[in-house]
Amino acid sequence: MRGAHADEIKGLSANRKERSLFVSCSLDKSSLLWDLRIPRPASALFEHHRYTFSTIYWTSKNEANRLVALGDDAGYVHFVDTRKPNVFQRSEKVFGKRIHKISFKGSQFAVIGYTNKIKFYDECFSLLYECSPAPNYIRDVLWETDLSPEFESNHSTSCWLIGWDTFFQRLEF
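Keep in mind it's a predicted model, so treat the numbers as computed, not measured.

(A) Focus on the sheet that holds strand β1 (residues 9–14). As summarised here, the arrangement of the four strands in space is β1-β2-β3-β4, forming an open sheet in which the pairing is antiparallel. Looking along the sheet, the strands with just one partner apiece sit at the ends: β1 and β4 (42–46). Direction aside, the axes of adjacent strands within the sheet are offset by 25 degrees on average. Sheet topology note: the strand β2 (residues 21–26)/strand β3 (residues 31–35) ladder contains five bridges and is antiparallel. The partner of Ser24 across the bridge, within β3, is Leu32.

Written out as structure tokens, the structure reads:
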């Protein structure tokens, strides 16, 4: 069991069902599971990864069944089950550069790298859509949550992309 990270923390994500649980990732090439109900709250989720972890997201049951998604500096996205530490359930190379952010909406998720490209996947890691709409880096995605009946029947996805240099654009696919 560990006390804390040995280097800068790059990301935090909370378990939305249990407020005392969260995960973190760090430049020390590890990810920790934190349980604030116990005296020594940090335990290893994944240690001694080959690359630095750059982002983390704890999914809900309706997203990826409570797996933790980790992005790393080599452009991979990994899924880890909190009940099976130090084992990647799935890993995929998404970009040739560092992963900046992973964001879920239901069973779909977006991956943003240190690039002007964004990629959208389903729960089976099948690529749904990718685009390069920004002149520079994309920094965030904001999912539209108010679903109209037409939206649900067409199975389309809509979101807002935010980037550097005042880039802001609605995307639908």
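(B) Looking closely at the packing of aromatic side chains. Evaluation of the coordinates by the stated rule reveals 18 aromatic pairs. Each ring, one from Phe109 and one from Phe125, has its centre 5.2 Å from the other, and the planes form 90 degrees; the classification is edge-to-face. In this pair, Phe109 is assigned in strand β10 (residues 108–113) and Phe125 in the loop between β11 (118–121) and β12 (127–131), connecting sequence segments 16 residues apart. On the basis of relative accessible area, Phe125 is assigned to the buried category, the value being 8%. What links up through ring pairs into an aromatic cluster is the set Tyr57, Phe79, Phe104, Phe109, Tyr121 and Phe125. When the ring centre of Phe95 is taken as origin, the NZ or CZ atom of Lys119, which lies over that ring, is 5.0 Å away. Its guanidinium or amino end placed over the ring of Tyr114, Arg139 lies 4.7 Å from that ring's centre, counting from NZ or CZ.

Reading guide: rules and limits
- Residues numbered from 1 in each chain as written.
- Predicted model: local features only at pLDDT ≥ 70, side-chain atom pairs only at ≥ 80, totals over all residues.
- Heavy atoms only, no water.
- Pairing = 2+ DSSP bridges.
- Helix = DSSP H or I, 4+ residues; strand = E, 2+ residues; numbered from the N terminus.
- Axes fitted to C-alpha atoms, helices over the stretch in contact; angles between N-to-C directions.
- Phe/Tyr/Trp six-rings, centres within 6.5 Å; stacked < 30°, edge-to-face > 60°.
- Buried < 20%, exposed > 50% of the residue type's maximum accessible area, 1.4 Å probe, protein only.
- Lys NZ or Arg CZ within 6 Å of the ring centre and 35° of its normal.

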